[in-house]
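Here are the chains, one letter per residue:
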Amino acid sequence: RRRALDWVRSSAAYAFARYDFPGSNSNIDLHALTNWIPERLALHGDHTEFNPTADFERMFARIHAGDVLITVATGAMNKQEEERTGLVSTHAYAVLDIRKFGAQRLFQLKNPWSHLRWKGNFSEYDVKNWTSELKQALDYDPKLACNVDNGIFWIDYESLLKFFDVFYLSWN
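So, a few notes on the structure that sits alongside this text. (Residues numbered from 1 in each chain as written. Predicted model: local features only at pLDDT ≥ 70, side-chain atom pairs only at ≥ 80, totals over all residues. Heavy atoms only, no water.)

**Observations regarding the overall build of the protein**
Scanning the protein for helices and strands turns up seven helices and six strands. For the protein, the α and β elements follow one another from N to C terminus as α-α-β-α-β-α-β-β-α-α-β-α-β. By residue count, 46% of the 172 residues in the protein fall in the buried class. Within the protein, counting contacts between residues at least 6 apart in sequence, those at least 24 apart form 68% of the total. (Helix = DSSP H or I, 4+ residues; strand = E, 2+ residues; numbered from the N terminus. Buried < 20%, exposed > 50% of the residue type's maximum accessible area, 1.4 Å probe, protein only. Contact = heavy atoms within 4.5 Å.)

Dropping the structure here:
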């Protein structure tokens, strides 16, 4: 089952990196590719049913069980905010991994354009938050990551909730 999920993730990442689906979103596209059930979780607004704690725990458990593919999308940003954050306005990112380490909740994201990465907390340039224990637990070396911009980065959950607008979940 894990091998099948890896194939789906690889296929989806390949498709999203090479094609543009104008007017679409990753829920629709992943449903077309996998026939998995789509769910949209809006993070902001008056009518959202998003529960940050419960939904994090549900995503954490189910992504590790191989039951869900997750993408997140940014809202509209101006050019200065894009430059400051390293994120792209109204753009979807694949969730590659979700981890907990002590009180930290971290997401590993991939920009399907395979370049441009987050510049905030837990970016490869963040010297404050990366402890040797955390780097070892995640098998991650920020110094090595600085050498290659492949669009993959870690971001803390609180920053993700601030700078992204929606989770797209596709359920097996």
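Following the structure, the description resumes.
**Re the layout of surface pockets**
Space inside the second largest pocket adds up to approximately 240 Å³. In terms of lining residues, the second largest pocket is bounded by 13 residues, among which E82, G86, L116, R117 and K119 are the most central. The residue makeup of the lining of the second largest pocket, split by class, is six nonpolar, one polar and six charged. (1 Å grid on protein atoms, 1.4 Å probe; cavity = no way out; pocket = protein on both sides within 12 Å on 5 of 7 lines; lining within 4 Å. Points joined across faces, edges and corners; volume = space filled by probe spheres on them. Nonpolar A, V, L, I, M, F, W, Y, C, P; charged D, E, K, R; others polar.)

**A closer look at the nonpolar core**
I70, F107, L109, L160, F164 and F167 are the most contacted members of the largest nonpolar core, which totals 28 residues. Beyond its immediate chain neighbours, meaning those up to four positions away, F107 contacts F56, M59, V95, D97, I98, F153, W154, I155, Y157, L160 and F167. Counting residues in each nonpolar core, the second largest holds eight residues, with F122, L138, A145 and W154 among its members. (Core = buried A, V, L, I, M, F, W, Y, C linked by side-chain atoms within 4.5 Å.)

**Some thoughts on the sheet that holds strand β4 (residues 104-110)**
What the six strands build is an open sheet, ordered β1-β6-β2-β3-β4-β5; its pairing is antiparallel. Of all the strands in the sheet, the pair left with one neighbour each is β1 (37-42) and β5 (152-156). Put simply, the sheet's adjacent strands are angled 30 degrees from each other on average, direction ignored. The sheet contact formed by strand β2 (residues 68-74) and strand β6 (residues 164-171) spans seven bridges and is antiparallel. Of the residues in β6, the one forming a bridge with T74 is F164. Docked against the sheet, helix α2 (residues 26-34) engages β1, β2 and β6, running at close to 15 degrees with respect to β6. Sheet strands touched by helix α3 (residues 52-64): β1, β2, β3 (92-101), β4 and β6. Its angle to β3, the strand with the most contacts, is close to 95 degrees. (Pairing = 2+ DSSP bridges. Axes fitted to C-alpha atoms, helices over the stretch in contact; angles between N-to-C directions.)

**Quick notes on the packing of aromatic side chains**
Under the defined criterion, the tally for this structure stands at 11 aromatic pairs. Residues F56 and Y157 carry aromatic rings whose centres are separated by 5.0 Å and whose planes lie at 55 degrees to one another, so their mutual orientation is tilted. In this pair, F56 sits in helix α3 while Y157 sits in helix α7 (residues 157-163), placing the two residues 101 residues apart along the sequence. Comparing F56 with Y157 shows no difference in burial state: the two are buried. Ring plane angle 35 degrees and centroid distance 4.7 Å describe the contact between W130 and Y140, whose orientation is recorded as tilted. In this pair, W130 sits in the loop between β4 and α5 (132-138) while Y140 sits in the loop between α5 and α6 (142-145), placing the two residues 10 residues apart along the sequence. Like Y140, W130 is buried. Cation over ring: K100 sits above F60, and NZ or CZ is 4.4 Å from the ring centre. The aromatic ring of F56 is capped on one face by R105, whose charged end is 5.2 Å from the ring centroid. (Phe/Tyr/Trp six-rings, centres within 6.5 Å; stacked < 30°, edge-to-face > 60°. Lys NZ or Arg CZ within 6 Å of the ring centre and 35° of its normal.)

**Comments concerning α2**
Among the residues of α2, those classed as buried are S26, N27, D29, L30 and T34. What you see down the axis of α2 is that its buried residues fit within an arc of 165 degrees, all on one side. Opposite its buried face, α2 presents the exposed residues I28 and A32, each directed more than 90 degrees away. N35 lies just past α2 and shows a positive phi near 65 degrees. (Arc of directions from axis to C-beta.)

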